[in-house]
Amino acid sequence: MSFTFTKIERLCSKKAIDDLFAHGKSKTQFPFKLIYKPSEFESPFPVRTMFVVPKKKHKRANKRNDIKRRMREVYRLNKHILYDVLKSNKLDLMFICLSNEELEYAVIEKSMLQLMTDLSKKDFTEI
RNA sequence: AAACAGGUUUGUUUCAUCGCUCUUUAUUUUAAGGGAGGAAAGUCCGGGCAACGCAGGGCAAUUUGCCAUCUGAAAGGAUGGGUAUGUUUUCAGGAAUGAAAACAUAACAGAUAGUGUCACAGAAAACCAGGUAGCCGUCCGCCAACUGGCGAGCGGUCAUAGUGAAAAUGUGAGGUAAGAGCUCACAUGUGCAGUUGGUAACAAUCGCAUAGGACAAACCUCUAAUGUUGUAAGGCCAUGUAAACCCUGAUGGAAGUCGUUCGCCGAAAGGCAAACGAAACAGAACCCGGCUUAUAGAACCUGUUUUUAU
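A brief report on the enclosed structure follows.

About the thresholds
Sequence order as written defines the numbering, with residues in each chain counted from 1. To label them, take the chains in the order written and letter them from A, then take the ligands in the order written and number them from 1. This being a predicted model, a pLDDT of at least 70 is required before a residue's local features are given, and a value of 80 or more before pairs of side-chain atoms are given or counted; all residues contribute to the totals for chains, interfaces and linings. Starting at the N terminus, helices and strands are each numbered in turn, a helix being any DSSP run of H or I of at least four residues and a strand any DSSP run of E of at least two. The burial label depends on the number of other C-beta atoms within 10 Å of a residue's C-beta. Counts of 20 or more mean buried, 12 or fewer mean exposed, and intermediate counts mean partly exposed, with C-beta atoms placed from the backbone. Whether two strands pair comes down to DSSP finding at least two bridges between them. Each axis is a line fitted through C-alpha atoms, taken for helices only over the stretch in contact, and angles between the N-to-C directions span 0 to 180 degrees. In this description, any two residues whose backbone-derived C-beta atoms lie within 7 Å of each other are considered to be in contact. A helix is expected to span 1.5 Å for every residue after the first. The directions considered for the arc run from the helix axis to the C-beta atoms.

Quick word on the environment of His23
Step number 1: Secondary-structure assignment places His23 in helix H1 (residues 14-23).
Step number 2: You can call His23 exposed: it has 11 C-beta atoms within 10 Å.
Step number 3: Separated by twelve residues in sequence, His23 and Ile35 place their C-alpha atoms 9.6 Å apart.

Comments concerning the pairing of strand S1 (residues 25-29)
The two faces of a sheet get side chains in turn, since along a regular strand they alternate between them.
Step number 1: In this sheet, strand S2 (residues 32-38) lies alongside S1 in antiparallel orientation, the contact comprising five bridges. Counted as the bridge partner of Lys27 is Leu34 from S2.
Step number 2: Linkage of S1 to S2, two consecutive antiparallel strands, is achieved through a turn of two residues.

A few points about the sheet that holds strand S3 (residues 47-52)
Step number 1: One open sheet holds the four strands; their spatial order is S1-S2-S4-S3, and the pairing between them is mixed. In the strand order of this sheet, the two ends are held by S1 and S3, each with one partner. With direction set aside, neighbouring strand axes in the sheet form an average angle of 20°.
Step number 2: Where S3 lies against strand S4 (residues 91-97), six bridges are found, and the strand directions are parallel. What sits directly across from Phe51, in S4, is Phe95.
Step number 3: Strands in contact with helix H2 (residues 61-78) are S3 and S4; relative to S3, the strand with the most contacts, it is inclined by about 155°.

A word on helix H4 (residues 105-120)
Step number 1: In this model H4 runs 22 Å from its N-terminal to its C-terminal C-alpha over 16 residues, within 8% of the 22 Å that 1.5 Å per residue would give.
Step number 2: Along H4, the residues that are buried comprise Ile108, Ser111, Met112 and Met116. All buried residues of H4 fall inside an arc of 130° around its axis, so they share one side. Facing away from the buried side of H4 by over 90 degrees, the exposed positions are Ala106, Lys110, Thr117 and Asp118.

Spelled out as structure tokens, the structure:
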């Protein structure tokens, strides 16, 4: 099992982001919001992901960075939950931080795991 | 010695596991190496680089602002001096006040080019000022009258009072109906010219003119200077190429630092060991040099206050 998280696993295209905001479905589990949408792209990985911490909630760049790094770390260590289910289906994801407090690693882990396991129980062929 | 304030310096180290990014090497995932700060921040100055622009001149806009020396590419910084203001001390004096010294502060050119602002109070807050009370003159009426007193109108006046942070220089004399820089003397301030001292800012002195409130960190005037932009391009062994997207990380252990508590040793200063806790401000966006602001803890320096000892 691989725990890597390289650049091709990240969602960077502006087109794909706009599309995700326009047509994606969302699910909230405070302090995070998950936006997801089935997609098509060429990659050895089944999922493209991005992490967002709005400037409105966190004024200082170093605090935004800290939270994003923790979120990325949680995803990297637990992404197999989704990978095992998806197989040939493709999916775009976006995690948005809603809290304006500095979050500990344990809090982030608990909340994001909840979101990911909920998502993995869905039937992807229907959405 | 403690507390507080200010300044300067510093701004933890290391191991394991799992990762990120770039370079080189390999060619299909091996190996080696690089990977945040003193402020990376604010974007306030100066310079380089790059792109674009560029006949000449003007306007506009922005910036500079006592003097000398040193440093620096420049901006800036350091030291010393001058001026102004304030505080303290000492001296002189009956006092008002004056002189000297020390310390602190200063965006320290111009308020006599022009425009503007000056709350409340006050009659009036600024070109020729102003006329409330008071003072003086004049005229009318009344009292009944000691060449007078009272009231109203008109005029003169800022000496006196009153308002205010500030009322158009101060004292004395002349002058006048009463008064007034209206005139004179002395003083004070300002401007111009000379002389002396000083590299200079400036100081002293003398002559002439003048009496003009404060604010230029209000506009403005003077002075000295300045193509625009940091998208793109270029540059970068930190990355990214476009910003809701941007690597430099996460977890665990060990050591060190500081704090609290308990234990042991010691006459004391202190030393040893354990447990628990704390570690700031803050994340490169073209690159350098400054300025400004933020900063836990530690070390050093300076000042203030309190306590103890002598």
